[in-house]
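Okay, here's what each chain looks like letter by letter:
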Amino acid sequence: MPSASTGASTAVAATSSVPDTDTTDSRMAPGGRGYRRMSFALFLAGVATFALLYSTQALLPLVSADFAVSASEASWTVSAATGGLALFVLPMSALSERFGRRTVMTASLAVAVAVGLLVPFAPSIGALVALRAVQGAALAGLPASATAYLAEEVRPKALITAIGLFVAGNSVGGMSGRVITGWVAQEWGWRVAVGVIGLIAVACAVAFRMLLPAPRHFAQGSLRPRVLARTVRDHLANPLLRRLYAIGALFMMVFGGVYTVIGYRLTEAPFSLPQGIVGSIFLVYLVGTVSASTAGRLVGRVGRRGSLYLAGGTTTAGLLLSLGDSLVLVLLGLVLITAGFFAGHAVASSSVSHTAQHGRAQASALYQSAYYIGSSAGSTLGAVAFHAGGWAGTVVMGLLAVLGVVSITLAGSHAARAAARRTPALAH
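Scope of this entry: the structure provided in the associated data block. (Residues numbered from 1 in each chain as written. Predicted model: local features only at pLDDT ≥ 70, side-chain atom pairs only at ≥ 80, totals over all residues. Heavy atoms only, no water.)

### What to know about the overall build of the protein
Logical step 1: Helices and strands together make up the secondary structure of the protein, namely 17 helices and zero strands.
Logical step 2: With 428 residues in all, the protein has 58% of them scored as buried.
Logical step 3: Sequence separation of at least 24 residues holds for 84% of the intrachain contacts in the protein that already meet a minimum separation of 6.
Logical step 4: Accessible surface, the protein as shown: approximately 16,200 Å² in total, 67% of it carbon and sulfur. (Helix = DSSP H or I, 4+ residues; strand = E, 2+ residues; numbered from the N terminus. Buried < 20%, exposed > 50% of the residue type's maximum accessible area, 1.4 Å probe, protein only. Contact = heavy atoms within 4.5 Å. Areas by Shrake-Rupley, 256 points an atom, 1.4 Å probe, with all protein chains shown as cover.)

Here is the structure:
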């Protein structure tokens, strides 16, 4: 099977499972000094990011009831957070080039958890949406800075695995946040539930700052707008990076739409589940933890493009299974959707870090911006589709997004073959 890079070099992927014994490289590697502390610190950052970012998602039916608003209106408490992150991730990545990855990540977490402690006191849906937008903007300093930190401080052969662990932290944060809020909200309401998430995020932020090793390979960049604009323009001119950005956005559109609406579906007939049980449904995020953390091995076996095809096929199968009226089929569908999404995201995001030869923070920021625009669009469109056509409407939206992923990956395969045919001709 051809390597699955959507056109990128696969040298890193092909050897990612081979032990790295290069003693001349001072960057971190599995088993080496500081690697475990770094991995756990970024894992905790991922937990805090996703727990805060999606803290209201499992609670939308309760938010709707409290403020007497529709599903599509309540969904803005999710869309505003992801939209704020998407808008600010590029400026925050520029700050990380100037002031350092660890400094920006620490400041971002501090502001986000402070806002998180104010969210439970929102007096109206408008105030809640505004606070969530500020929280998302604050969290923008985490994703791009984290992947740039890893690209600079971790050896190339371990990069996919390291990023996979960070993504795994995202899945644990998303899962634990929703499960905890579901059960707490059932007893004490959604306000207490999001307050508890805020306190958990505080603990994660403190541990993150204490554990993350100081960067040793960071090279300070420029904050000049002209330099930033030129770097962004270079990345957007790269067809491979454009494809990866689109793939991340489309995968997240599926995921955001499904998990924004699933609470409404499961609390309505024929399931009529209580809020605590609905929150526990998000335990399927554990599947995402596994699929993200093993993405490096998957790429080593079938290549990047092959991994993206498998992720898309798995997500499609999950969407179709979820159409059944059996709770077992719905759960199995969510398992497959989650596994496919996290595998696809881990492969695409690591490909961005590997492909960008300069301005890695900006390259990662553009990916994260596209990714969270996809999340924001998916949350809103999924709710609108659910209102118009029920769960089947949300599934159709998801299938169209997966079709986009497959089409873009096929385009990458065609571009790689065309480039391979041109190379021998140029050699002669």
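There's more to say after this.
### Looking at the packing of helix 2 (residues 35–53) against helix 6 (residues 101–116)
Logical step 1: It is at 11 Å that the axes of helix 2 and helix 6 come closest, and there the two elements cross at 35 degrees. For the pair helix 2 and helix 6, the sense of crossing is left-handed. Across the interface between the two elements, Leu42, Ala45, Ala48 and Leu52 from helix 2 touch Met105, Leu109, Ala112 and Val113 from helix 6.
Logical step 2: Here the contact of helix 2 with helix 6 is composed, by residue class, of eight nonpolar, no polar and no charged. (Axes fitted to C-alpha atoms, helices over the stretch in contact; angles between N-to-C directions. Left-handed = near helix turned anticlockwise from the far one by under 90°. Nonpolar A, V, L, I, M, F, W, Y, C, P; charged D, E, K, R; others polar.)

### Here we look at the packing of aromatic side chains
Logical step 1: Counted by the stated rule, this structure contains eleven aromatic pairs.
Logical step 2: Their ring planes at 10 degrees and their centres at 4.1 Å tell us that phenylalanine 255 and phenylalanine 341 sit as a pair that is stacked. With phenylalanine 255 in helix 12 (residues 239–267) and phenylalanine 341 in helix 16 (residues 327–355), this pair connects stretches of sequence that are 86 residues apart.
Logical step 3: Residue phenylalanine 255 is classed as buried on the basis of its relative accessible area of 3%.
Logical step 4: What links up through ring pairs into an aromatic cluster is the set Phe255, Tyr259, Phe341, Phe342, Tyr367, Tyr371 and Tyr372. (Phe/Tyr/Trp six-rings, centres within 6.5 Å; stacked < 30°, edge-to-face > 60°.)

### A closer look at unusual backbone geometry
Logical step 1: Here the bond from alanine 269 into proline 270 is cis, since omega is 10 degrees, no more than 30 degrees from zero.
Logical step 2: Not every positive phi belongs to a glycine, and alanine 68 is a case in point at roughly 55 degrees.
Logical step 3: Within the element layout of this structure, alanine 68 appears in the loop between helix 3 (60–67) and helix 4 (71–74).
Logical step 4: Relative accessible area serves as the criterion here: at 69%, alanine 68 is assigned to the exposed category.
Logical step 5: With a phi angle near 50 degrees, serine 272 is a residue other than glycine that sits in the positive phi range.
Logical step 6: Mapped onto the elements, serine 272 comes out in the loop between helix 12 and helix 13 (275–280).
Logical step 7: The class of serine 272 is partly exposed, set by a relative accessible area of 49%.

### Re the nonpolar core
Logical step 1: Ranked by size, the top nonpolar core spans 123 residues in total, and within it Met38, Leu42, Leu150 and Tyr259 carry the most contacts.
Logical step 2: Looking at which element gives the most residues to this core, the answer is helix 12, with 18 residues.
Logical step 3: Leaving out residues up to four positions away in the same chain, leucine 150 has contacts with Met38, Leu42, Leu159, Ala162, Ile163 and Phe166. (Core = buried A, V, L, I, M, F, W, Y, C linked by side-chain atoms within 4.5 Å.)

### So, helix 11 (residues 225–237)
Logical step 1: With 13 residues, helix 11 extends 18 Å from end C-alpha to end C-alpha; this agrees with the ideal 18 Å at 1.5 Å per step.
Logical step 2: Those residues of helix 11 that sit buried are Val227, Thr231, Val232 and His235. Axial view of helix 11: buried residues confined to an arc of 130 degrees, hence all on one face. Facing away from the buried side of helix 11 by more than 90 degrees, the exposed set consists of Pro225, Arg226, Arg233 and Ala237. (Expected span 1.5 Å × (residues − 1). Arc of directions from axis to C-beta.)

### Quick notes on the pattern of salt bridges
A side chain with one charge may pair with a side chain of the opposite charge, provided their charged atoms come close.
Logical step 1: Counted by the stated rule, this structure contains three salt bridges.
Logical step 2: Among the ionic pairs, aspartate 66 bridges to arginine 191, the shortest N-O distance being 3.5 Å. With aspartate 66 in helix 3 and arginine 191 in helix 10 (residues 190–211), this pair connects stretches of sequence that are 125 residues apart.
Logical step 3: By relative accessible area, which is 26% here, arginine 191 ends up partly exposed. (Salt bridge = Lys/Arg side-chain N within 4 Å of Asp/Glu carboxyl O.)

### Describing the environment of histidine 387
Logical step 1: With respect to the element layout, histidine 387 can be found in helix 17 (residues 360–427).
Logical step 2: In sequence terms histidine 387 and serine 72 are 315 residues apart; their C-alpha atoms lie 7.8 Å from each other.

### Some thoughts on a nonpolar patch on the surface
Logical step 1: On the surface, a nonpolar cluster with roughly 300 Å² of combined accessible area is contributed by Val396, Leu400 and Leu403.
Logical step 2: Within the element layout of this structure, valine 396 appears in helix 17. (Patch = residues over 30% accessible without salt bridge, like charges linked within 9 Å, V, L, I, M, F, W, Y side chains within 5 Å.)

### Brief notes about the environment of leucine 327
Logical step 1: Within the secondary structure, leucine 327 sits in helix 16.
Logical step 2: Residue leucine 327 is classed as partly exposed on the basis of its relative accessible area of 31%.
Logical step 3: Expressed as a C-alpha distance, the spacing of leucine 327 and leucine 266, which sit 61 residues apart in the sequence, is 8.8 Å.
Logical step 4: If near-sequence neighbours (up to four positions away) are discounted, leucine 327 is found in contact with Leu266, Phe271 and Leu273.

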